[in-house]
Amino acid sequence: MKTILDVRNLYKSFKDTKVLSDINFKVYEGEFIAIMGQSGSGKSTLLYSISGMDRPNSGNVLLYGQDISSLDDEKMSEVRLKQMGFIFQHSYLLKNLSIRDNIVLPGFKSGTLSREQVNQNADALMVKTGIVSVADHDIKNVSGGQLQRASICRALINQPDILFGDEPTGSLNSSTTKEVMDIINNVNREGTTVIIVTHDAKVAARADRVIFLMDGNIHDELNLGKYDRGEKKKSSREERLSEWLEKQGF
Ligand SMILES: Nc1ncnc2c1ncn2[C@@H]1O[C@H](COP(=O)(O)OP(=O)(O)O)[C@@H](O)[C@H]1O
Ligand SMILES: [Mg+2]
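Residues numbered from 1 in each chain as written. Chains lettered and ligands numbered in written order. Predicted model: local features only at pLDDT ≥ 70, side-chain atom pairs only at ≥ 80, totals over all residues. Heavy atoms only, no water.

The name an unreviewed UniProt entry assigns to the protein chain is ABC transporter ATP-binding protein, from the organism Geosporobacter ferrireducens.

Dropping the structure here:
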């Protein structure tokens, strides 16, 4: 298995407050990782530090062997734009633009794909995520679930290597959560590596591997193996995870 991300001795503090220390882990190409832990344990900080949205104080983050923690801001934004996609609890789509325009924007910005390819990618993504019917709607006139699907499309427009999500289902109800997670599982199945932070055990149970953070350290990790949508053992997966989480004191 090829290593896509190699995190070595990551340390992060804000002023005098240590938030992350001794963080070491590898992510393999095509994996789906869920990061869990109590509120304030450093999950978001970890996600931002490994994705170049924030910088660690020390340690290294290697993306396909390239140390991205030492890149200047301009190079880092380029890596983020071309190789990474991001989704958050709330969508950061631009007002006064249609769903489609929001999705194609980072495609045109990156300059790696032709205009035609960007439009084709956007169409294919909207079909896959079921939002074609609202493509030309203003973002004010769609549901929360549709907004999050559009955010996923936007995150994937440049065909990134890794999709990062910070509580991507945090503001969705349980049926919309399921729909959005089906999409994320499909994206992963098609080859995109996925790393999300979540406090929802049902969401984390869809990951191959769950990393538990406690007070800024990796406390433990659980291997669940690949999620299979038709899986009869789905509930046993959730049971294994919830037993393990109980052991973590979650
Ligand atoms: N920009 C910041 N400045 C100062 N402290 C921060 C900042 N971001 C996070 N923290 C602190 O770092 C700790 C971990 O925060 P965070 O990574 O957001 O945790 P989680 O996502 O697990 O809830 C918290 O104590 C938080 O107050
Ligand atoms: Mg957080």
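This part is about the sheet that holds strand 7 (residues 162-166). Taken together, 6 strands build an open sheet; the order of strands is 6-7-8-3-9-10 and the sheet is mixed. Edge positions in the sheet fall to strand 6 (84-87) and strand 10 (217-223), since each has one partner strand and no second. For this sheet, the mean inter-axis angle between neighbouring strands, taken without regard to orientation, is 20°. Most of the contacts of helix 2 (residues 73-83) go to strand 6, to which it runs at about 80°, and overall it touches strand 6 and strand 7. (Pairing = 2+ DSSP bridges. Helix = DSSP H or I, 4+ residues; strand = E, 2+ residues; numbered from the N terminus. Axes fitted to C-alpha atoms, helices over the stretch in contact; angles between N-to-C directions. Contact = heavy atoms within 4.5 Å.)

Let us now look at the pattern of salt bridges. Summed over all chains, the structure comprises 15 salt bridges. In this structure, Asp-123 and Arg-100 form a salt bridge, with 3.0 Å as the shortest nitrogen-oxygen distance. Taken together, the positions of Asp-123 in helix 4 (residues 115-129) and Arg-100 in helix 3 (residues 99-110) put the pair 23 residues apart, joining distant regions of the chain. By relative accessible area, which is 35% here, Asp-123 ends up partly exposed. Taking relative accessible area as the criterion, Arg-100 reaches 24% and is therefore assigned partly exposed. (Salt bridge = Lys/Arg side-chain N within 4 Å of Asp/Glu carboxyl O. Buried < 20%, exposed > 50% of the residue type's maximum accessible area, 1.4 Å probe, protein only.)

A few words on the site of ligand 1. In the vicinity of ligand 1, the residues found are Phe-14, Val-19, Gln-38, Ser-39, Gly-40, Ser-41, Gly-42, Lys-43, Ser-44 and Thr-45. The backbone of Gly-40 places a nitrogen or oxygen atom 2.7 Å from an oxygen atom of ligand 1. Here an oxygen atom of ligand 1 sits 2.9 Å away from a polar atom, N or O, in the side chain of Lys-43. The protein chains hide 53% of the 560 Å² of surface that ligand 1 would expose on its own. For the shell around ligand 1, the leading source of residues is helix 1 (residues 43-50), giving 3 residues. Tallied by class, the residues present in the shell around ligand 1 amount to 2 nonpolar, 7 polar and 1 charged. (Near = heavy atom within 4 Å. Polar contact = N/O pair within 3.5 Å; in protein donor to acceptor, adjacent residues only side chain to side chain. Areas by Shrake-Rupley, 256 points an atom, 1.4 Å probe, with all protein chains shown as cover. Nonpolar A, V, L, I, M, F, W, Y, C, P; charged D, E, K, R; others polar.)

Its location among the elements puts Glu-167 in the loop between strand 7 and helix 6 (174-189). There is a polar contact of 2.8 Å between the side chain of Glu-167 and the side chain of His-199. When sequence neighbours within four positions are dropped, the list of residues in contact with Glu-167 reads Lys-43, Phe-88, Gln-89, Val-197, Thr-198 and His-199.

The next point concerns the pairing of strand 3 (residues 32-37). Looking along a regular strand, one sees the side chains alternate between the two faces of the sheet. The buried fraction of strand 3 is high, at 6 of 6 residues. Neither face of strand 3 is open: one carries Phe-32, Ala-34 and Met-36, the other Ile-33, Ile-35 and Gly-37, and all of them are buried. Pairing of strand 3 with strand 8 (residues 193-197) involves 4 bridges; the strand directions are parallel. By the bridge assignment, Ile-35 is partnered in strand 8 with Val-197. Bridge count between strand 3 and strand 9 (residues 209-214): 5 bridges; the pairing is parallel. Counted as the bridge partner of Ile-33 is Arg-209 from strand 9.

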